[in-house]
Amino acid sequence: MEKESSKTIIHHNLTNENGSNPDSNESEFQFTQDLSLESIRKLHNKFVTERNWEQYHSPRNIMMAMVGEIGEIAELFQWRNDSDCQVGLHSWTDEQRNALGEELSDVLIYLTRLADRCHIDLPKAVLDKMKKNEEKYPIDKVFGSSKKYNMY
Ligand SMILES: Nc1ccn([C@H]2C[C@H](O)[C@@H](COP(=O)(O)OP(=O)(O)OP(=O)(O)O)O2)c(=O)n1
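Residues numbered from 1 in each chain as written. Predicted model: local features only at pLDDT ≥ 70, side-chain atom pairs only at ≥ 80, totals over all residues. Heavy atoms only, no water.

1. Focus: the overall build of the protein
The criterion, for reference: Starting at the N terminus, helices and strands are each numbered in turn, a helix being any DSSP run of H or I of at least four residues and a strand any DSSP run of E of at least two. Think of it in three bands: residues with accessible area under 20% of the maximum for their type are buried, residues over 50% are exposed, and the middle band is partly exposed, with areas taken using a 1.4 Å probe on protein chains only. We call two residues contacting when some pair of their heavy atoms lies within 4.5 Å. Where accessible areas are quoted, they stem from the Shrake-Rupley method and a 1.4 Å probe; at the residue level, only the protein chains shown are allowed to cover.
Per the secondary structure count, the protein includes six helices and zero strands. Expressed as a percentage of its 152 residues, the buried residues of the protein come to 15%. In the protein, the share of contacts with a sequence separation of at least 24, taken over all contacts with a separation of at least 6, comes to 54%. Only carbon and sulfur atoms are counted for the fraction: they give 56% of the accessible area of the protein, which is about 12600 Å².

Following this line, the structure appears as structure tokens:
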């Protein structure tokens, strides 16, 4: 049987038999299409090689850089009240939203770099993990509940 691409598998998981996503409608938030983890890995690899920075990019250094960037995300949220942290972050200024986008990007860039430096095929690992999550949390058992799997 022909091997299904990651893209096809994701499409199957997110759509019903009519090809539409049962969990969303057209007006809901979506990402820009078609930026794969592999393309991020390649772009960043080029950026690093052009600067002769591979020597600094050990798995441990990249892991620490990623944690630092996660701290920068936490800083953008710290001391805000609940009403300022609602879905969509509509009360944030454009400047604050741009800053968040930059920090999230730094984390994603370092995450793909960390997977690359550890020779972990991240897209495959994500699909495998999603499958495991689905098996561990069957919809009929967990619907509407946020308990951990060992509490059912
Ligand atoms: N040795 C490095 C340094 C930077 N970068 C790349 C990956 C990140 O996307 C971004 C991080 O850059 P900075 O360390 O300058 O961090 P910030 O952009 O968060 O700046 P600041 O710390 O001033 O907020 O640059 C990298 O790959 N390797």
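2. Focus on the packing of helix 3 (residues 59–77) against helix 4 (residues 94–117)
Cut-off, in case you're wondering: Between N-to-C directions, angles span 0 to 180 degrees; the directions come from axes that are lines fitted to C-alpha atoms, helices contributing only their stretch in contact. Angle categories are assigned with fixed cut-offs, so that under 35 degrees is roughly parallel, over 145 is roughly antiparallel, 65 to 115 is roughly perpendicular, and the rest are oblique. Definitions for this section: a left-handed crossing has its near helix turned counterclockwise from the far helix by less than a right angle. A right-handed crossing has that turn clockwise. Side-chain classes follow a simple rule in which Ala, Val, Leu, Ile, Met, Phe, Trp, Tyr, Cys and Pro form the nonpolar group, Asp, Glu, Lys and Arg form the charged group, and the remainder, Gly included, forms the polar group.
Between helix 3 and helix 4, the least distance of the axes is 9 Å, while the angle of their chain directions is 160°. Classified by the interaxial angle, the pair formed by helix 3 and helix 4 is roughly antiparallel. In terms of crossing hand, the pair formed by helix 3 and helix 4 is left-handed. Contacts between helix 3 and helix 4 involve P59, I62, M63, A65, M66, E69, I70, E72, I73, L76 and F77 from the former and A99, L100, E103, L104, D106, V107, Y110, L111, R113, L114 and R117 from the latter. Across the contact of helix 3 with helix 4, the residue classes break down as 16 nonpolar, no polar and six charged.

3. Some details on unusual backbone geometry
Residues other than glycine seldom take positive phi values, yet D34 does so here, at roughly 70°. Tracing the chain through its elements places D34 in the loop between helix 1 (6–14) and helix 2 (37–50). For L89, which is not glycine, the phi torsion reads 45° and is therefore positive.

4. Considering the site of the ligand
This is how the line gets drawn: The criterion for a residue being near a molecule or strand is simple. One of its heavy atoms has to lie within 4 Å of it. Whenever a nitrogen or oxygen atom comes within 3.5 Å of another N or O atom, the pair is scored as a polar contact, on the condition that within protein one atom can donate a hydrogen and the other can accept it, and that pairs from neighbouring residues in sequence are kept only if both atoms are in side chains.
Around the ligand lies a shell formed by H44, F47, W53, H57, E69, E72, E103, D106, I109 and Y110. Interatomic distance of 3.0 Å between a side-chain N/O atom of E72 and an oxygen atom of the ligand. Here a nitrogen atom of the ligand and a side-chain polar atom of Y110 are 3.3 Å apart. Taken by itself the ligand offers 580 Å² of open surface, and the protein chains cover 53% of this. The class makeup of the residues in the shell around the ligand is four nonpolar, two polar and four charged.

5. Topic: the nonpolar core
Across soluble globular proteins, nonpolar side chains show a tendency to be buried alongside one another. Inclusion rule: For our purposes a nonpolar core is just a set of buried Ala, Val, Leu, Ile, Met, Phe, Trp, Tyr and Cys residues, chained together by side-chain atoms within 4.5 Å.
Residues I62, M66, I73, L89, W92, L100, V107 and L114 constitute the largest nonpolar core, which totals eight residues. Elements represented by at least two residues in this core include exactly helix 3 and helix 4. Setting aside residues up to four positions removed in sequence, V107 forms contacts with M66, E69, I70 and I73.

6. What about the packing of helix 2 against helix 4?
A packed helix pair is summarised by two numbers, namely the angle formed by the two axes and the spacing between the axes. Interhelical geometry of helix 2 versus helix 4 gives an angle of 85° and a closest axis separation of 9 Å. For the element pair helix 2 / helix 4, the angle class is roughly perpendicular. Residue-level inspection shows L37, I40, R41, H44, N45 and V48 of helix 2 in contact with helix 4, the latter providing L108, I109, T112, R113 and D116. Residue composition of the contact of helix 2 with helix 4, grouped by class: five nonpolar, three polar and three charged.

7. Some points on a nonpolar patch on the surface
Note the following rule: A patch consists of residues whose relative accessible area exceeds 30% and which take part in no salt bridge; residues with like charges are grouped when within 9 Å of each other, and nonpolar side chains (Val, Leu, Ile, Met, Phe, Trp, Tyr) when within 5 Å. Put simply, a salt bridge is a Lys or Arg side-chain nitrogen that is within 4 Å of an Asp or Glu carboxyl oxygen.
The grouping of F47, W53 and Y56 at the surface amounts to a nonpolar patch, some 310 Å² of accessible area in total. On the secondary structure map, Y56 appears in the loop between helix 2 and helix 3. In this structure Y56 comes out as partly exposed when scored by relative accessible area, which is 47%.

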